[in-house]
Amino acid sequence: MPQSEIYEWPKDAAVKQKLETWQDKKFGMIIHWGLYAVPGIIESWSICSEDWIERDSTIKYEDYKKWYWGQSEKFNPTKFNPEQWAKAGKDAGMKYLVFTTKHHDGFAMFDTKQSDFSIAKGPFSTNAKKDVVKYVFDAFRKENFMIGAYFSKPDWHSQYYWWDKYATANRNNNYDIRKNPWRWNMFKSYTQNQISELMNNYGSIDILWLDGGWVRPRASVNQEVLSWGAPIPEWSQDIDMPKIAAIARKAQPGLIMVDRTVHGQFENYQTPEQKIPEKQLDYPWESCMTLGGAWGFVPNDHYKSATEVVHKLVEIVAKGGSLLLGVGPKPDGTLPDNVVKKLEEIGQWTSKNGAAIYGTRITKNYHDGQNWFTQSKDGKTIYGISFLDDAAVNEISWQGNIPKKGTPVTILATNQKIKWTLKNDKVYFDLPKTDEKIALTFSFTPETK
């Protein structure tokens, strides 16, 4: 989904403070885990009837939906190990979590009282950790992560959203809300009650990350929505966000609300998906991207290299954002070994160069060729990060961001102080030999004019 084109700063001082804390974190993990992990397919979307969805044409659509929802009878993650997930995230240098408490298919990963369609009601119901969300949040809290709850506003399993009386033509609710206000009011209550459960029963939560931006008041349907190619019904899918926010923030004061792509007071930061904005932005945002090709677990997925992930992280931070990197646990409840290995490789860089990432803010001259720049909050230190593209480095130079005359430049990873020279407004460095192949980071005091 594209990001909103407008940003509105929150007025609540507690929300502003939490946003400031979140902006220090820079690097997070989003975990998609649900029914779709069992067959190892795209999350939820295969049960949606839209032109871009591919399915086996020999299976009737209604039969396919029954088969998909029937995976709830097979989902028994007996090796469920959220501590492994949290350790892998920490090892990568991640600082906050967003976990899918419920995706569009309506399958709850928590012990909801609003529905029997949950991980706590199937084969996993006899397991001590059946209330999955509790154990995920607890494991990540122990590693000092900020905690975010992903929640889908649409719910394709609910008779109050997709009513069996009608066909399910697309991602939207499949009945005219204007003619069936009772049914929509039931859906609003159902949704608000589930969010209340999450906000009241699972400890301290920092972020409520709401997906399914087509569920919104019709008055706010704009070009952003239409540009997805998503069909828009004639009626308004107003889910009463002011009430949801009031319920959530009564339980979690200062909660960051992320009503994705619905700009306004409930989208406290923007979320461009699988892309990085072209230019630097001076308000809170995050790029959500997958480590592999899919959000959830699929067999034989191809994963990005540590170099590619670090380069994206650096570019995002230099442009003022955070990177939310997506991984999907297997149906048994463990992360794939190659995911754990990739996260360790990323962490080898972040553990040595974190000062240039965490707690930084944007600087005016943030980019020159293969060089990206951040600065400390007090503006007294500039960090220059030079991409190496897995190759040995011979020379690094850049224009602008000149170190203060007579002061050394430090290579962050080794704490080596190196000499530099200025020629024709370009900074050149006297580089020592290095084994670094991903990116070399420099810190220095900038020249002030």
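Residues numbered from 1 in each chain as written. Predicted model: local features only at pLDDT ≥ 70, side-chain atom pairs only at ≥ 80, totals over all residues. Heavy atoms only, no water.

As annotated in an unreviewed UniProt entry, the protein chain is alpha-L-fucosidase from Pedobacter jeongneungensis. As its UniProt record puts it under Sequence similarities (unreviewed entry), the protein chain is described as follows: "Belongs to the glycosyl hydrolase 29 family." According to the UniProt record, the Function (unreviewed entry) comment for the protein chain reads "Alpha-L-fucosidase is responsible for hydrolyzing the alpha-1,6-linked fucose joined to the reducing-end N-acetylglucosamine of the carbohydrate moieties of glycoproteins." (UniProt positions renumbered as here; feature names shortened; annotations may be inferred.)

The next thing to look at is the overall build of the protein chain. Of the regular secondary structure elements, the protein chain holds 9 helices and 16 strands. In summary, the protein chain has a C-alpha radius of gyration of 23 Å against a globular reference of 22 Å for 449 residues, a match within 12%. In terms of overall dimensions, the protein chain has C-alpha extents of about 75 × 45 × 40 Å along its principal axes. Within the protein chain, the proportion of its 449 residues that are buried is 58%. (Helix = DSSP H or I, 4+ residues; strand = E, 2+ residues; numbered from the N terminus. Rg over C-alpha atoms; globule rule 2.2 N^0.38 Å. Buried < 20%, exposed > 50% of the residue type's maximum accessible area, 1.4 Å probe, protein only.)

This part is about the pairing of strand β4 (residues 207–211). Taken across its 5 residues, β4 has 5 buried, putting it largely inside the fold. What you see with β4 is no split at all: I207, W209 and D211 on one side and L208 and L210 on the other are buried throughout. Two strands pair when backbone bridges link them, and strand β3 (residues 146–152) and β4 are joined in this way by 5 bridges, in the parallel orientation. Its bridge partner lying in β4, A149 is registered against L208. Of the crossover connections in this fold, the one passing from β3 over helix α5 (residues 181–201) to the parallel β4 is right-handed. (Pairing = 2+ DSSP bridges. Right-handed = clockwise from strand over helix to strand, strands pointing away.)

The next thing to look at is the side chain of T168. Secondary-structure assignment places T168 in the loop between β3 and α5. In this structure the side chain of T168 is engaged in a polar contact, spanning 2.9 Å, whose partner is the side chain of K65. Ignoring sequence-local partners within four residues, the contact set of T168 consists of S49, Y61, K65, W162 and N174. (Polar contact = N/O pair within 3.5 Å; in protein donor to acceptor, adjacent residues only side chain to side chain. Contact = heavy atoms within 4.5 Å.)

Overall, parallel pairing links the 7 strands, which are arranged β5-β4-β3-β2-β1-β7-β6 in an open sheet. Edge positions in the sheet fall to β5 (256–259) and β6 (286–290), since each has one partner strand and no second. The mean angle between the axes of side-by-side strands here comes to 20°, regardless of whether they run parallel or antiparallel. Bridge count for β4 against β5 is 4 bridges, and the pairing is parallel. Looking across to β5, one finds that I207 is bridged to I256. Relative to β3, helix α1 (residues 13–25) is tilted by about 100°, and along the sheet it contacts β1 (27–31), β2 (96–102), β3, β4, β5, β6 and β7 (322–327). (Axes fitted to C-alpha atoms, helices over the stretch in contact; angles between N-to-C directions.)

Direction vectors running N to C along helix α3 (residues 82–92) and helix α9 (residues 337–353) enclose 35°, while the axes themselves pass 6 Å from each other. In contact with Q84, A88, D91 and A92 of α3, α9 contributes V340, L343, I346, G347 and T350. When grouped by side-chain class, the residues that make up the contact of α3 with α9 number 5 nonpolar, 3 polar and 1 charged. (Nonpolar A, V, L, I, M, F, W, Y, C, P; charged D, E, K, R; others polar.)

Another point: the sheet that holds strand β15 (residues 426–429). Ordered by their spatial adjacency, 3 strands build an open sheet running β11-β15-β14, and the pairing between neighbours is antiparallel. Strand pairing shows two members of the sheet lacking a second neighbour, β11 (397–399) and β14 (420–423), which therefore form its edges. The average undirected angle you get between the axes of adjacent strands in this sheet is 25°. Two strands pair when backbone bridges link them, and β11 and β15 are joined in this way by 3 bridges, in the antiparallel orientation. Looking across to β15, one finds that Q399 is bridged to K426.

A few words now on the pattern of salt bridges. Scanning the model with the defined rule gives 24 salt bridges in all. Among the ionic pairs, D155 bridges to K102, the shortest N-O distance being 2.7 Å. One end of the pair, D155, is in the loop between β3 and α5; the other, K102, is in strand β2, with 53 residues separating them in the sequence. With respect to burial, D155 and K102 carry one shared label: buried. D111 serves as the salt-bridge partner of K113, at 4.0 Å between the closest nitrogen and oxygen. Under the relative-accessibility criterion, D111 is labelled buried at 19%. (Salt bridge = Lys/Arg side-chain N within 4 Å of Asp/Glu carboxyl O.)

Bringing the environment of N193 into the picture now. Relative to the assigned elements, N193 resides in helix α5. On the basis of relative accessibility, which here comes to 34%, the residue N193 falls in the partly exposed class. Considering only alpha carbons, one finds N193 and K113, 80 residues apart in sequence, at a separation of 8.8 Å.

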